[in-house]
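Coordinate inspection notes
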Amino acid sequence: MNNIVKDKYQRPIISLRISITNRCNVSCFYCHHDGILPKNYEMTVDEIYKILKIAKKVGISKIRYSGGEPLIRDDIVEIIKKTSSLNFKDVSITTNGTLLSKYANDLAKHGLKRINVSFDTLNPETYKCITKKDYMEDAKNGIIAAIEGGLYPVKINMVVMKGINDNEIDEMFEFCKKHGLVLQLIELLKTDGCEENEKLNKYHYDMEPLEQKFEKIADKIKTRKFMQERKKYYIDDGEIELVKPMDNTEFCENCTRLRITPEGKIKPCLLRNDNLTDLLKPIRDGISEEELEKIFIEGIYKREPYYADEK
């Protein structure tokens, strides 16, 4: 544990979230990705592996793959296999689940530990409204395949949207309890400045009343210190987490995550795009592992709390 690199604010870098594509097979209207990149702009398995080796050297112990839709890559099992060979403490994926039936067993076999499935509704029409696709049964089958493949925990990420699926929370919780899933209710982030994003604000659903309700009825409550002081509620043999927007000093103070974009750039902060560090071009230029490590650490040192405590 002594080799964990810390940023300038003495925050240890424990986890790395790698977006391995921003291609996706659904079109969720609330998604904020910046467009589709050609395949040749995505990192290869070997390029990802070179980054992982550096991550391991600087003390990162948790890897999460995301997209776009990470399972859209036909080399996803090989990516997980190479990742697991480095013996990280935790290897996980966030997916929409539509391709999970195809890969769940092989992913588990080759070292994937757990999985988060973005799944906002159990209503086919609502699913089609949100994703513009008719893949709800594929996603449900993928969730079951993940359970049967031995992945644990399987978490359901449900973005709660006013007037769209806010009336389905109880139904989704029953579905999760039935199958031994953890339900994560995600509050849609309110945005300002961009007209297109501001249109989404009408769907914002305030989680505060839910939080108060769960405080009263929970059998047990667990607080996750390094996850924004996020609370997990144990209710009637089920588990619910509330994921609220990260617009506070407390989250920034406890942030231990670093991100890699699909183009192979270090992204120190989810809410900023002006302090990225390119890893992919140096790798393709044949840089040494030692030089790559220096660049990686420089990227870590660019981390700054987005929400600073002004006291």
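Higher on the page you've got the structure.
Described in the following lines is the structure provided in the data block.

**A short note on the overall build of the protein chain**
- Looking only at helices and strands, one finds eleven helices and twelve strands in the protein chain.
- Taken against the 2.2 N^0.38 rule, which gives 19 Å for 311 residues, the C-alpha radius of gyration of the protein chain at 19 Å falls within 12% of a compact globule.
- C-alpha extents for the protein chain along the principal axes are approximately 55 × 50 × 40 Å.
- Burial analysis of the protein chain (311 residues in total) assigns 50% to the buried set.
- Excluding contacts between residues fewer than 6 apart, the proportion of contacts in the protein chain whose partners are at least 24 apart in sequence is 68%.

**A look at a negative patch on the surface**
- A cluster of acidic side chains, namely Glu-125, Asp-134, Glu-137 and Asp-138, defines a negative patch on the protein surface.
- Overall, Glu-125 belongs to the exposed group, its relative accessible area being 59%.

**Looking at the pairing of strand β6 (residues 182-187)**
- Extensive coverage of β6 is indicated by the burial of six of its six residues.
- The side-chain alternation of β6 yields two buried faces, one formed by Val-182, Gln-184 and Ile-186 and the other by Leu-183, Leu-185 and Glu-187.
- In the sheet, strand β5 (residues 154-160) pairs with β6 via six bridges, with the strands oriented parallel. Directly across from Ile-156, in β6, lies its bridge partner Leu-183.
- In this view, the connection linking β5 to its parallel neighbour β6 by way of helix α6 (residues 169-179) has right-handed handedness.

**Focus on the nonpolar core**
- Of all hydrophobic cores here, the largest spans 83 residues; its most connected members are Tyr-65, Leu-107, Phe-119, Leu-185 and Phe-296.
- Residue contributions to this core peak at six residues, all from helix α1 (residues 45-57).
- Look past the residues within four positions of Phe-119 in its chain and what remains in contact with it is Tyr-127, Met-136, Ala-139, Lys-140, Ile-143, Ile-156, Asn-157, Met-158, Met-172 and Phe-175.

**Here's the deal with the packing of aromatic side chains**
- Applying the stated criterion across every chain yields a total of five aromatic pairs.
- Where Phe-29 meets Tyr-203, the ring centres are 5.3 Å apart and the plane angle is 55°; that geometry is what we call tilted. Of this pair, Phe-29 sits in the loop between β1 (15-19) and α1 while Tyr-203 sits in the loop between α7 (195-198) and α8 (208-217), placing them 174 residues apart in sequence.
- A centroid spacing of 6.4 Å and a plane angle of 50° characterise the contact between Phe-119 and Tyr-127, whose relative ring orientation is tilted.
- Tyr-127 gets classed as buried once you look at its relative accessible area, which sits at 4%.
- What links up through ring pairs into an aromatic cluster is the set Phe-29, Tyr-30 and Tyr-203.
- Over the ring of Phe-88 we find Lys-56, and its NZ or CZ is 5.2 Å from the ring centre.
- Over the face of the ring belonging to Tyr-49 we find Lys-82, whose NZ or CZ atom lies 4.3 Å from the ring centre.

Calculation criteria
Numbers given for residues are sequential positions, taken from 1 along each chain in its written order. Restriction of local features to residues with pLDDT of at least 70 applies here, the model being predicted, together with a cutoff of 80 or more for giving and counting side-chain atom pairs; totals for whole chains, interfaces and linings are based on all residues. As a rule here, side-chain values cover all heavy atoms of the structure and leave hydrogens and water aside. Segments assigned H or I by DSSP are reported as helices when at least four residues long, segments assigned E as strands when at least two residues long, and all are numbered from the N terminus. For a compact globule the rule gives 2.2 Å times the number of residues to the power 0.38, and the radius of gyration it is set against comes from C-alpha atoms. Residue burial is assigned from relative accessible area. The probe radius is 1.4 Å, only protein chains are included, and a residue is buried under 20% of its type maximum, exposed over 50%, and partly exposed in between. Working rule for contacts: check all heavy atoms of both residues, and any pair within 4.5 Å makes them a contact. Each patch groups residues whose relative accessible area exceeds 30% and which form no salt bridge, using 9 Å between like charges and 5 Å between nonpolar side chains of Val, Leu, Ile, Met, Phe, Trp and Tyr. Only the protein chains shown count as cover for residues, with accessible areas throughout obtained via the Shrake-Rupley method and a probe of 1.4 Å. Salt bridges are identified by distance alone: a Lys or Arg side-chain nitrogen within 4 Å of an Asp or Glu carboxyl oxygen. Charge counting follows a simple rule: Lys and Arg are positive, Asp and Glu are negative, and His as well as the terminal groups are ignored. Here the site of a charge means NZ on Lys, CZ on Arg, CG on Asp, or CD on Glu. Paired strands are those between which DSSP finds at least two bridges. Assignment of crossover handedness uses the view with strands pointing away from the viewer, where a clockwise path from the first strand over the helix to the second indicates a right-handed crossover. Remark: nonpolar core denotes a set of buried residues (Ala, Val, Leu, Ile, Met, Phe, Trp, Tyr, Cys) joined through side-chain atoms within 4.5 Å. By convention, a stacked pair of Phe, Tyr or Trp rings (six-membered ring in the case of Trp) has centres within 6.5 Å and planes under 30 degrees apart, an edge-to-face pair has planes over 60 apart, and any other such pair is tilted. Criterion for a charge above a ring: Arg CZ or Lys NZ at most 6 Å from the ring centre, at most 35 degrees from the ring normal.

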